[in-house]
Amino acid sequence: MKRYYTSACGLNLSRLSQGFTMVEVVLVVMIMAIIAVTGLPLLTTSMNHYRLKGATEEVVNAFQYARSSAISTGRQTNVIIGNVSHEIMVKQYTIGADFISGGNQLPETSVETGTYQFMEYPLKKGADYFIDMNSVDRFRGVDIVSSDFNSGSEVFFDSLGNPSHGGTVTLALKGQQMIVTLDALTGKVSVSN
């Protein structure tokens, strides 16, 4: 004689302890497969959007960081965004003269000459502000399609934060595109699709 036990909510407890039927298992697996098939493209599209958005924010941050550094230090900065090399670089002008140990008088040539040195990347202490988009996993697949700020046409920010010229940087990833615009008059950076 079989005994059936019922729980407080009316479930047959002996039936629950026996496991699942093959039909139930197949049904659950089919439902999970349908969810995976329909959800995977949506997940991929979402991941691509965030990669493109992250790369776009990196370009915006480079412009804004260079501009604010030029204003705060009074030294000219420049930004290079290469569409062939897929690199972002931020550099600051450094005078070749040593004012502390230079003595009473410095030669004019050492005061007027200098070079652009990489600035420190604000998110990695001690690292140069040099980003190779091809080697950073979070930007995988993002292309800098066009840039008005390649090497040789990089933008310079003066001590007032004014850019030497304006232009755009176009980034793309699998049919999605974002455009970063630097205004030539104000130095304001904007993003559009």
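Refer to the preceding data block for the structure.
Anyway, here's the lowdown on the structure attached to this text.

How each quantity is defined
Residues numbered from 1 in each chain as written. Predicted model: local features only at pLDDT ≥ 70, side-chain atom pairs only at ≥ 80, totals over all residues. Heavy atoms only, no water. Helix = DSSP H or I, 4+ residues; strand = E, 2+ residues; numbered from the N terminus. Buried < 20%, exposed > 50% of the residue type's maximum accessible area, 1.4 Å probe, protein only. Contact = heavy atoms within 4.5 Å. Areas by Shrake-Rupley, 256 points an atom, 1.4 Å probe, with all protein chains shown as cover. Lys, Arg positive; Asp, Glu negative; His and termini not counted. Salt bridge = Lys/Arg side-chain N within 4 Å of Asp/Glu carboxyl O. Phe/Tyr/Trp six-rings, centres within 6.5 Å; stacked < 30°, edge-to-face > 60°. Pairing = 2+ DSSP bridges. Axes fitted to C-alpha atoms, helices over the stretch in contact; angles between N-to-C directions. 1 Å grid on protein atoms, 1.4 Å probe; cavity = no way out; pocket = protein on both sides within 12 Å on 5 of 7 lines; lining within 4 Å. Points joined across faces, edges and corners; volume = space filled by probe spheres on them. Nonpolar A, V, L, I, M, F, W, Y, C, P; charged D, E, K, R; others polar. Polar contact = N/O pair within 3.5 Å; in protein donor to acceptor, adjacent residues only side chain to side chain. Core = buried A, V, L, I, M, F, W, Y, C linked by side-chain atoms within 4.5 Å.

## Let's talk about the overall build of the chain
Then comes step 1: In terms of regular secondary structure, the chain is built from three helices and nine strands.
Then comes step 2: Beginning at the N terminus, the succession of helices and strands in the chain can be written as α-α-β-β-α-β-β-β-β-β-β-β.
Then comes step 3: Taking all 193 residues of the chain together, 29% fall into the buried category.
Then comes step 4: The long-range fraction of contacts in the chain, counting pairs at least 24 apart against all pairs at least 6 apart in sequence, stands at 52%.
Then comes step 5: Within the structure as shown, the chain displays about 12,500 Å² of accessible surface, and the carbon and sulfur contribution to it stands at 60%.

## Quick look at the side chain of Glu87
Then comes step 1: Mapped onto the elements, Glu87 comes out in strand β2 (residues 87–95).
Then comes step 2: Buried charge without a salt bridge: Glu87, with Lys91 as the nearest opposite-charge side chain at an N-O distance of 8.9 Å.
Then comes step 3: Apart from the residues within four sequence positions on either side, Glu87 is in contact with Ile80, Ile81, Gly82, Phe130, Ile131, Asp132 and Ile144.

## A look at the packing of aromatic side chains
Then comes step 1: With the rule as written, the count across this model stands at six aromatic pairs.
Then comes step 2: Ring centres of Tyr65 and Tyr129 lie 5.6 Å apart, and the angle between their planes is 25 degrees; on these two criteria the pair is classed as stacked. On the criterion of sequence distance, the pair formed by Tyr65 in helix α2 (residues 22–73) and Tyr129 in the loop between β3 (114–118) and β4 (130–132) is long-range, its members being 64 residues apart.
Then comes step 3: With a relative accessible area of 23%, Tyr65 lands in the partly exposed category.
Then comes step 4: According to the relative accessible area criterion, Tyr129 is buried, its value standing at 2%.
Then comes step 5: Aromatic pair Tyr116 and Phe156: ring centres 5.5 Å apart, planes at 55 degrees, arrangement tilted.

## So, the sheet that holds strand β5 (residues 143–147)
Then comes step 1: Taken in spatial order, the four strands make up an open sheet running β5-β7-β8-β9, and their pairing is antiparallel. Here the strands that pair on one side only, and so sit at the sheet edges, are β5 and β9 (189–192). Neighbouring strand axes in the sheet, compared pairwise and without regard to direction, differ in orientation by 20 degrees on average.

## Structural notes on the layout of surface pockets
Then comes step 1: Each pocket or cavity is described by its volume, and for the largest pocket that value is around 180 Å³.
Then comes step 2: Around the largest pocket, the lining is made up of 13 residues, and of these Tyr121, Lys124, Phe130, Ile131 and Val136 lie nearest the centre.
Then comes step 3: For the lining of the largest pocket, the element with the highest residue contribution is β4, accounting for three residues.
Then comes step 4: A breakdown of the residues in the lining of the largest pocket according to their chemical character gives seven nonpolar, one polar and five charged.

## Looking at the side chain of His86
Then comes step 1: Inspection of the secondary structure puts His86 in the loop between β1 (77–82) and β2.
Then comes step 2: Here Ile144 takes part through its backbone nitrogen, which lies 3.1 Å from a polar atom of the side chain of His86.
Then comes step 3: With sequence-adjacent residues up to four places away left out, His86 is seen in contact with Ile131, Asp132, Met133, Asn134, Asp143 and Ile144.

## Digging into the environment of His49
Then comes step 1: For His49, the location among the structural elements is in helix α2.
Then comes step 2: Remark: the alpha-carbon pair of His49 and Leu173, spanning 124 residues in sequence, is separated by 8.0 Å.

## Quick word on the nonpolar core
Then comes step 1: Judged by nonpolar contacts, the single largest core of 30 residues is most densely connected at Phe63, Val79, Ile81, Met133, Val169 and Leu171.
Then comes step 2: Listing elements by their share of this core, those giving two or more residues are α2, β1, β2, β6 (155–157), β7 (167–173) and β8 (176–182).
Then comes step 3: Here the element with the most residues in this core is α2; it accounts for eight residues.
Then comes step 4: Beyond its immediate sequence surroundings of up to four residues, Leu171 is in contact with Leu52, Ala55, Thr56, Val59, Met133, Val142, Asp143, Ile144, Gln176, Gln177, Met178 and Val180.

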